[in-house]
Amino acid sequence: EDHHRRVFSFAKDMLEVIRKVMLPDAQTSLRIRIGIHSGPAYAGIVGVKCPRYCFFGDTVNTASRMESNGFPMCIHVSKDTKELLEDECEWLACGERMIKGKGMMATYLAKLGEWEEAW
C-alpha cells in the first residue's frame, strides 16, 4: 500500500498552504510542525452521548512525539517512515534523540520547508 506516500504528500501540501495563512498582524505567516511515524493503528467511534472518530495505538502516539519534538515548518519522521520514503526527498539525520515514552530514537528531517533554519 502507499499510505506513507499519501501522508507525506499531504504533509508537503500543508507546508505549502500554511505559508499563505497570515497571523492577525499581517506580517507573519502561521508556522506548524509535522510529525510522521509508520506502523499499525486502530480507529473507531468512541462515545455514546458525543461520539467521536478516534485513532489509537503506539503508531499514533509516536507520530505525535515526532511532531512535538520537531521544528517549525519542518517534517520530522521516525526511522521507520524515513526507510519507507527514502526516495521521496533528501533527508537530514537528527541522530539519536530522547523521545518521551519511547527512549532514544533515530529521527530525520525532510530537506523541505525551513529545515536549514531548524538545524
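Note that the coordinates shown come from a computational prediction; the quantities given were computed from them, not determined experimentally.

Calculation rules
Residues numbered from 1 in each chain as written. Predicted model: local features only at pLDDT ≥ 70, side-chain atom pairs only at ≥ 80, totals over all residues. Heavy atoms only, no water. Patch = residues over 30% accessible without salt bridge, like charges linked within 9 Å, V, L, I, M, F, W, Y side chains within 5 Å. Areas by Shrake-Rupley, 256 points an atom, 1.4 Å probe, with all protein chains shown as cover. Salt bridge = Lys/Arg side-chain N within 4 Å of Asp/Glu carboxyl O. Helix = DSSP H or I, 4+ residues; strand = E, 2+ residues; numbered from the N terminus. Core = buried A, V, L, I, M, F, W, Y, C linked by side-chain atoms within 4.5 Å. Buried < 20%, exposed > 50% of the residue type's maximum accessible area, 1.4 Å probe, protein only. Contact = heavy atoms within 4.5 Å. Pairing = 2+ DSSP bridges. Axes fitted to C-alpha atoms, helices over the stretch in contact; angles between N-to-C directions.

Engineer: Quick rundown of a nonpolar patch on the surface? Include the residues and the values.
Structural biologist: Side chains of Val17, Val21, Leu23 and Leu30 sit close together on the surface and give an oily, nonpolar patch of about 280 Å² of accessible area. Relative to the helices and strands, Leu23 resides in the loop between helix 1 (3-18) and strand 1 (34-36).

Engineer: Now, about the nonpolar core: what can you tell me, with residues and values included?
Structural biologist: Within soluble globular proteins, side chains that are nonpolar tend to cluster in buried spots. Phe8, Ile34, Ile36, Ile75 and Trp91 are the most contacted members of the largest nonpolar core, which has 16 residues in total. Of all the elements in the fold, those that place two or more residues in this core are helix 1, strand 1, strand 4 (75-78) and strand 6 (103-110). Ranked by residues supplied to this core, first place goes to helix 1 with four residues. Excluding residues that lie within four positions of it along the chain, Phe8 makes contacts with Ile36, Ile75, Leu85, Glu88, Cys89, Trp91, Ala110 and Leu112. In this structure, Leu92, Cys94, Leu109 and Trp115 belong to the second largest nonpolar core, which totals six residues.

Engineer: Describe in detail the sheet that holds strand 1, supporting the description with residues and values.
Structural biologist: Read across the open sheet, the four strands follow the order 1-4-6-5; overall the sheet is mixed. The open sheet terminates on both sides in strands that have one partner only, identified here as strand 1 and strand 5 (91-99). On average, adjacent strands in this sheet sit at an angle of 30° to one another, irrespective of strand direction. Bridge count between strand 1 and strand 4: three bridges; the pairing is parallel. The residue of strand 4 that forms the bridge with Ile36 is Val77. Sheet strands in contact with helix 1 are strand 1, strand 4, strand 5 and strand 6, and its direction is about 175° off that of strand 1. On the sheet, helix 2 (residues 58-68) packs against strand 1, strand 4, strand 5 and strand 6 and is oriented at approximately 145° with respect to strand 1.

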